[in-house]
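Geometric and topological summary
Residue-level listing of the chains:
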Amino acid sequence: MAENVVMLFQWLVFLGIALVCIFASIMVISNKNPVHCALWMVLTFLATAGLYVMLHSQFIAIVQVIVYAGAIMMLILFVVMLLDLEVELRSRLKFLYSKAIGGFFAVLLMLGIFYAVITRVLKGNVGSFTPEKVSAMGNVKAVGKVLFTDYLFPFEVASILLVVGIVGAVIMSKRREARKE
Amino acid sequence: MGITVPQINFSIIAPELIISAFALVVLLLGVFFPRTGKNDYLGYVSLVGIVVAFLYTFPIMGKSQYAFNNMIVADGFGVFFKVIFLIIAFLTVLISIGYARRVDIDFGEYYALIMFATLGMMLMAAGTSLITIFLGLETMSIAIYVLAGLMRGDRKSIESALKYFLLGAFATGFLLYGMALIYGSTGTIILEEIAAYIKSKPELLRSPMIIMGIALLTIGFGFKVATVPFHMWTPDVYEGAPTSITAFMATGVKAAGFAGFIRVFFSALGAFQPDWIAIMWLLAVATMTVGNVVAIAQTNIKRMLAYSSIAHAGYILVAFVAGNELGTASILFYLLVYAFMNIGAFTVVILLGKRGEENVLISDYAGIGFKYPLLGASMTIFMLSMAGIPPLGGFMGKFYIFSAAVKAEYYWLAVIGVLNSAISVYYYLRVTVFMYFREPEREITGLTFSPASVVAVIISVWGVLYMGIFPSDILALAQRSITGLL
């Protein structure tokens, strides 16, 4: 009996988070004011973090909040404020054939996902890190351990990737000194 | 609970380490010792780095050793591609010395980014897990996005970088989603373990999840190598980017894309070969045909070479469909010879320009053959090689590819390929006709040939001739490289 109540509660929480997630995502792409879009996006990120918690991945949930909802959204808002988006605000939503075609395929893909979920044809493999194992070990420890042993090489390569990204951003935005004359 | 450190074997990743170290050194040299307008020395430092990495590539040949928990391997396939990438990087840096100064992009970051991109390509060829391949691809792509837009005073360069960046990021999304679906259905990202898992569970062959993943991977890689439904970006990006970077993109990025493509599809998803062959067949035919037919109408030589590079991706896909040993070896052979002839052609394009006057229209080539006989002769060799005229390298490459297709009994594919090759003769020869048989409408004067670029042309001519006249050595090397892959 008690288990059933827990299940029901979990299901209700999931339903709430999922609906918030979907609603916020729709608001992100349908809103015309970029600042509002960004704020709705924060809500999407927070709701996604909630989904991670429900999947027993507290560490990823926290990282999601700190990195995405915190740092990255901050940057996006900065960029939005620095750019002049008045024109965008005043423009009307126009009907475009590309939009109609895109919408058609989006609906098609969504029906595909519904079909797959309802018939449960998608069966993946279960990895070695089950929720029980992760809970017993501790989230941060599990992530840290594989990151610095199994995935040491990709981890180091990622640092090069970040260097390339930073160098690229600097070189593209740097004021170029007058060279000739 | 202790942490077991993975076995670390630096000798296997020595070329990668050397390239990264030199890239960082060049980056710092450019910041601390800027010699405005005289930054050519950075190019020479990069060349030294590439040569050292090249020397360290050979000791790992034929070892077939895994390192870092199966994240990367030093096998013949990876080494062969590393050699291709290092040759491409060497030639690209060589043609940049002089050209980069002309278009005011000769700072340390330029050479450093070329080397970082090379590092990414090497990781794509040597990586044996989806994550290594993905990180290599991203390192390469981000460096190239920036390189394409370095000429910030030039609207076309900016357009090129922005287009490539937006579409490339989108394609990366497809690729990553595909990898995620494959990981989700097999529970591992190591290519060989994926293959083993699929073998142990035959019902996976009909799993929509993994087939969806394969489709998305095809789109992602297809974008990088510019196959036809995903080729729209190619002409604009190739036209707008600095010419040296266009040469780098057309050869290096394409070779790296195919390296990742072959590695993932043959070593992890080999069981799905019957499924993907039909799609690849269509892609190959569409890519060859559209590339060649549209190239005929081009008036700008950079755009023409862009469409020609699409067509060449189509020929390589023919060998990909064939899927046999000769086919895969011929891909390696073709990518090497393609690197020589394409970089050579772009070098001629660079040499015919000067500050503020790039002369990229095909009509600008009128009369060049008599005015600069050696340059004209080199360009003729590159064009004939791309068209597939014996005894040049391009002919042997196509010969091996089409014989692989015939051997695998894809007769129609071989026929369509040969017909396409015949179409391509028209637009390649047109450049030659302009060079020798047309009166120039206006004089091109005051060209200063950078010695480094001339060396690059000489190396390319040598490469095309050598691979055309003595192809068997290189083909044998390519065949040895792919043992264990199929």
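Coordinates for the structure precede this section.
Note that the structure is predicted; figures quoted are calculated from it, not measured.

Our focus in this paragraph is the overall build of chain A. Secondary structure assignment for chain A yields eight helices and zero strands. Reading the secondary structure of chain A in the N-to-C direction produces α-α-α-α-α-α-α-α. The contacts in chain A between residues at least 6 apart in sequence include a share of 53% that link residues at least 24 apart.

Residues and elements named next belong to chain B. Taken N-terminus to C-terminus, the directions of helix H11 (residues 273-296) and helix H12 (residues 301-322) make an angle of 155°; their axes are 7 Å apart at the nearest point. Of the possible angle classes, the one that applies to H11 and H12 is roughly antiparallel. Where H11 crosses over H12, the handedness of that crossing is left-handed. Between H11, through Trp276, Ile277, Met280, Trp281, Leu283, Ala284, Thr287, Met288, Gly291, Asn292, Val294 and Ala295, and H12, the contact on the second element is made entirely by Met304, Tyr307, Ser308, Ile310, Ala311, Ala313, Gly314, Tyr315, Leu317, Val318, Phe320 and Val321. Tallied by class, residues from the contact of H11 with H12 come to 19 nonpolar, five polar and no charged.

Turning our eyes to something else, we now look at the nonpolar core. Phe81, Tyr110, Phe221, Phe265, Leu269 and Phe320 of chain B are the most contacted members of the largest nonpolar core, which has 204 residues in total. By size, the runner-up hydrophobic cluster in this structure holds six residues, among which are Val42, Phe45, Met73 and Leu77 of chain A.

Time to look at the interface of chain A and chain B. Tallying the contact residues gives 31 residues for chain A and 44 residues for chain B. Between chain A and chain B lies a buried interface of about 3,400 Å² when both sides are counted; carbon and sulfur atoms form 73% of it. Summed over the shared surface of chain A and chain B, the number is zero salt bridges. Remark: the boundary between chain A and chain B carries three residue pairs in polar contact (both at pLDDT 80 or more). Among the elements of the structure, helix H7 (139-148) and helix H8 (152-173) of chain A are those that each provide at least two residues to the side of chain A that touches chain B. Taken together, the residues that form the side of chain A that touches chain B break down as 17 nonpolar, six polar and eight charged.

What follows deals with the packing of aromatic side chains. All names here are of chain B. Counted under the stated rule, the structure contains 34 aromatic pairs over all chains. Ring geometry for Phe77 versus Phe81: centroids 4.9 Å apart, planes at 65°, classification edge-to-face. Within this pair, Phe77 and its partner Phe81 are both found in helix H3 (residues 76-102), separated by four residues, close to a single helical turn. Like Phe81, Phe77 is buried. Judged by centre distance (5.2 Å) and plane angle (20°), the ring pair of Trp462 and Tyr466 falls under stacked. Of this pair, Trp462 and Tyr466 both sit in helix H18 (residues 451-469), separated by four residues, roughly a single helical turn. The ring centre of Phe434 lies 4.5 Å from the NZ or CZ of Arg438, which sits over that ring.

In an α-helix, one turn spans 3.6 residues; hence positions three or four apart end up facing the same way. All names here are of chain B. Counted at 1.5 Å a residue, the expected span for H3 with its 27 residues is 39 Å, and the 39 Å between its end C-alpha atoms agrees. In H3, a bend of some 50° at Ser96 exceeds every other bend along the element. Of all 27 residues in H3, 25 are buried; the element is thus mostly enclosed.

All names here are of chain B. You can see Phe382 is positioned in helix H15 (residues 373-387). Once the C-alpha coordinates of Phe382 and Gly291 are considered, the two residues, 91 residues apart in sequence, prove to be 18 Å apart. When neighbours within four sequence positions are excluded, Phe382 is seen to be in contact with Phe340, Met341, Gly344, Ala345, Val348, Val457, Ser460, Val461 and Val464.

All names here are of chain A. On the surface, Val20, Leu43, Leu46, Ile62, Val63, Val65, Ile66, Val67, Tyr68, Ile72 and Ile76 cluster together to form a nonpolar patch covering roughly 800 Å² of accessible area. Mapped onto the nonpolar patch, the elements with two or more residues apiece are helix H2 (34-54) and helix H3 (58-82). Considering every element that reaches the nonpolar patch, the biggest residue donor is H3, with eight residues. Within the element layout of this structure, Ile76 appears in helix H3.

The rules we used
Residues numbered from 1 in each chain as written. Chains lettered and ligands numbered in written order. Predicted model: local features only at pLDDT ≥ 70, side-chain atom pairs only at ≥ 80, totals over all residues. Heavy atoms only, no water. Helix = DSSP H or I, 4+ residues; strand = E, 2+ residues; numbered from the N terminus. Contact = heavy atoms within 4.5 Å. Axes fitted to C-alpha atoms, helices over the stretch in contact; angles between N-to-C directions. Parallel < 35°, antiparallel > 145°, perpendicular 65-115°, else oblique. Left-handed = near helix turned anticlockwise from the far one by under 90°. Nonpolar A, V, L, I, M, F, W, Y, C, P; charged D, E, K, R; others polar. Core = buried A, V, L, I, M, F, W, Y, C linked by side-chain atoms within 4.5 Å. Buried < 20%, exposed > 50% of the residue type's maximum accessible area, 1.4 Å probe, protein only. Buried area = accessible area lost by both parts, 1.4 Å probe. Salt bridge = Lys/Arg side-chain N within 4 Å of Asp/Glu carboxyl O. Polar contact = N/O pair within 3.5 Å; in protein donor to acceptor, adjacent residues only side chain to side chain. Phe/Tyr/Trp six-rings, centres within 6.5 Å; stacked < 30°, edge-to-face > 60°. Lys NZ or Arg CZ within 6 Å of the ring centre and 35° of its normal. Expected span 1.5 Å × (residues − 1). Bend = angle between axes of the 7 residues up to and from the residue. Patch = residues over 30% accessible without salt bridge, like charges linked within 9 Å, V, L, I, M, F, W, Y side chains within 5 Å. Areas by Shrake-Rupley, 256 points an atom, 1.4 Å probe, with all protein chains shown as cover.

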